[in-house]
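Coordinate inspection notes
Listed below, chain by chain, are the residues.
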Amino acid sequence: MLVSRGPRRAALTAAACAALLLAGCGSDGEGEAAQPQPTQVRLYGTDGNMQNSFVAEFDQKAGLLKGMKGTTPLTPLSEDFKNRLRKLNPKLSDFLYSAESYDAVAISALAAQLAGSTEPAEIAKQIIGVTTGGERCDSIAACLELARDGTDIAYRGVSLSRGGFTDIGEPSTASYATLHFGSDEQLDDGKTEFLGAGDESSASVKRPPAGKKQTKAVEQSSGAPLKLGGLLPRTGDLALAYPPMAAGVALAISEINGASGVLGKDVVWVDGDDGTNPNTAKATVAQHVRAGVHVIIGAGASGISRAVLPDVVAAGLVLFSPSNTDAGLSTIDDKGLYFRTAPSDILQGRALADMILRDGPRRIALVARKDSYGEGLQGNVRAELERAGHGSEQVRLFSYDPPPNPDSPPVNFSSGAQEIKQFGADAVLIIGFGESAKVIEALAAAGISLQE
């Protein structure tokens, strides 16, 4: 009897291993024989692709977004704010970076009002102080009224609702949302969760120059009207983010001018496209310089801001982005002229890693577009995963070159998809913009079943 049970146990063990292939067999779960071959892979995304408009980027309308999850910098938005945006754009389906765009314009206007000047260098000296110390105000109209009297203010707008700016001109605190695509391939608002990050104590305590009270003499010498130039992704890989950003800018300008403008005159908006392309963005910056713009709102992508910042600094203008998240921009040489309302990806890296780890994956593939945003966030997520005990055998890095211009061939990720399949990933994070739809299509074409 003992002899007959041995073969039977071996057979049962082999059957169990086959049935539990995802978990692997063997003492350590690693090694060649234990390579997992998951039947399903869970998809994760980031702010560049976790939007309702992302579905329009797919050639294959096969429900590939069902169940995809991700994070994005996003504060809970009031229905009042959303409705004000919808009045400007009734077709608006996403709100990503709308609040940050609104606040970038508002802060720029308030800084000019307090400076009593449209000189970019004088505006830059006031920007951080607009958000720290002083008398708290929660609306553009209320803050402008205080600023006209020269009162030091602490603006708390839509995205900047807790702490003010740090000494380097970026938010000390942030809010992130965890988003889920539903069965209709649209974001399921009922599943959205918000997570606070950052530390209010890191906000600047430096006092800005005293604000100038608005008088006729100040108005006449101010150089008003204040001119803001757009450097937003109207076209290119990040164009899917343009509608909410443009709506946020338009709403802020409307409300500033509805509250009697800045330094006695309406703020002027000079439109411009960054094209998610360095050459397009540089040409737009040159146009803004010729047009006498004081503050440039943008760029959309971190890599584009890196490309144009030397030109902006050389011209002595302010560059104020509502959507740059590359952590490396915190230490870039900007001569005190670069600011952002979007939080650093160091914070988002933690939020993403936490979301992924909660689902208990064994092998994780991190796919990023080759630029400062993609590879920077990829590195931050990897560091957080390693801190949680997921080493090189469980985490693999992949990248792809985004198309250099709209006429270029689309992303070809077929070989990367095969590598991910051979690796046995059961979780894939895709860090990219609209072009990353081709990465997901390549995964499906490789025979990888995407979990809903």
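For every chain, the first residue of the written sequence is number 1, and numbering continues from 1 onward in sequence order. Per-residue local features of the predicted model are confined to residues with pLDDT of at least 70, and side-chain atom pairs are confined, for both listing and counting, to 80 or more; whole-chain, interface and lining totals are unaffected and use all residues. By convention in this description, side-chain values take in all heavy atoms of the structure and omit both hydrogens and water.

Going by what an unreviewed UniProt entry lists, the protein is known as ABC transporter substrate-binding protein and is assigned to Plantactinospora alkalitolerans. UniProt positions are given in the numbering used here, feature names are shortened, and annotations may be inferred rather than shown by experiment. Word for word, the UniProt comment on the protein under Sequence similarities (unreviewed entry) is "Belongs to the leucine-binding protein family."

Taking 1.5 Å as the rise per residue, helix 9 (residues 302–314) with 13 residues should run 18 Å; its terminal C-alpha atoms sit 19 Å apart, in good agreement. At any given residue, the bend is defined as the angle formed between two axes, one fitted to the seven residues that end at that position and one fitted to the seven that begin there. Helix and strand assignments come from DSSP, with helices taken as H or I runs of at least 4 residues and strands as E runs of at least 2, each series counted from the N terminus. Of all the bends in helix 9, the greatest, near 45°, is centred on Val308, and the proline Pro310 appears no more than four residues after it. Inspection of helix 9 places Ser302, Ile304, Ser305, Val308, Leu309, Val312 and Val313 among the buried residues, and these make up the whole buried set. Any two residues having at least one pair of non-hydrogen atoms within 4.5 Å are treated as being in contact. As for helix 9, its buried residues are in contact with strand 7 (227–231), helix 8 (278–291), strand 9 (295–298), strand 10 (318–321), strand 11 (338–340) and helix 11 (372–387). Backbone geometry just after helix 9 places Gly316 at a positive phi near 75°. Helix span, expected: 1.5 Å multiplied by one less than the number of residues in the helix. Working definition: with a 1.4 Å probe on protein chains only, accessible area under 20% of the residue-type maximum means buried, over 50% means exposed, and in between means partly exposed.

This paragraph deals with helix 10 (residues 345–358). Helix length check: helix 10, at 14 residues, gives a terminal C-alpha distance of 20 Å against a target of 20 Å (1.5 Å per residue), a fit within 8%. Taken together, the buried positions of helix 10 are Asp345, Leu347, Gln348, Gly349, Ala351, Leu352, Ala353, Met355 and Ile356. Gly360 sits one or two positions beyond helix 10 and adopts a positive phi of about 65°.

For Ser372, the position within the fold is in helix 11. Among the polar contacts made by the side chain of Ser372, one reaches the main-chain amide nitrogen of Gly303 at a distance of 3.4 Å. A distance of 3.3 Å separates polar atoms of two side chains, one belonging to Ser372 and the other to Asp326. Setting aside its immediate chain neighbours within four residues, Ser372 contacts Ser302, Gly303, Arg306, Asp326 and Leu377. Definition of a polar contact: a pair of N or O atoms within 3.5 Å, with one able to donate and the other able to accept a hydrogen when the atoms are protein atoms, and with sequence-neighbouring residues admitted only if both atoms are side-chain atoms.

Any two rings among Phe, Tyr and Trp, with Trp reduced to its six-membered ring, count as a pair given centres within 6.5 Å; such a pair is stacked if its planes are under 30 degrees apart, edge-to-face if over 60, and tilted if neither. Inspection of the entire model under this criterion finds 6 aromatic pairs. By way of ring pairs, the aromatic residues Phe165, Phe320 and Phe339 are connected into one cluster. Criterion for a charge above a ring: Lys NZ or Arg CZ within 6 Å of the ring centre, and within 35 degrees of the ring normal. Above the plane of the ring of Phe95 lies Lys82, whose end atom (NZ or CZ) is 5.3 Å from the centre.

Attention now moves to the UniProt feature "domain: Leucine-binding protein" (unreviewed entry) in the protein. Sequence positions flagged by UniProt for "domain: Leucine-binding protein" (unreviewed entry) are, in local numbering, residues 225–450. For residues 225–450, the helix share is 41%, the strand share is 16%, and the end-to-end C-alpha distance is 53 Å.

On to the environment of Ala147. Relative to the elements of secondary structure, Ala147 occurs in helix 5 (residues 140–148). Its relative accessible area of 0% is what places Ala147 among the buried residues. Sequence separation of Ala147 and Ala112 is 35 residues, and the distance between their C-alpha atoms is 9.4 Å. Beyond its immediate chain neighbours, meaning those up to four positions away, Ala147 contacts Gln113, Leu114 and Lys212.

Along the polypeptide, Leu144 turns up in helix 5. With 11 residues separating them in the primary sequence, Leu144 and Tyr155 have C-alpha atoms 9.9 Å apart. Setting aside its immediate chain neighbours within four residues, Leu144 contacts Leu110, Gln113, Ile256, Ala259, Gly261 and Val262.

This next bit is on the nonpolar core. Note on terminology: a nonpolar core comprises buried Ala, Val, Leu, Ile, Met, Phe, Trp, Tyr and Cys residues joined through side-chain atoms within 4.5 Å. Counting 128 residues, the largest nonpolar core has Ile127, Phe320, Phe413, Ile420, Val428, Ile440 and Leu443 as its most contacted members. Tallying contributions element by element places helix 3 (residues 98–115) first for this core, with 11 residues. Core analysis: the next-biggest nonpolar cluster, separate from the first, contains 5 residues, Ala174, Ala197, Leu347 and Ala351 among them.

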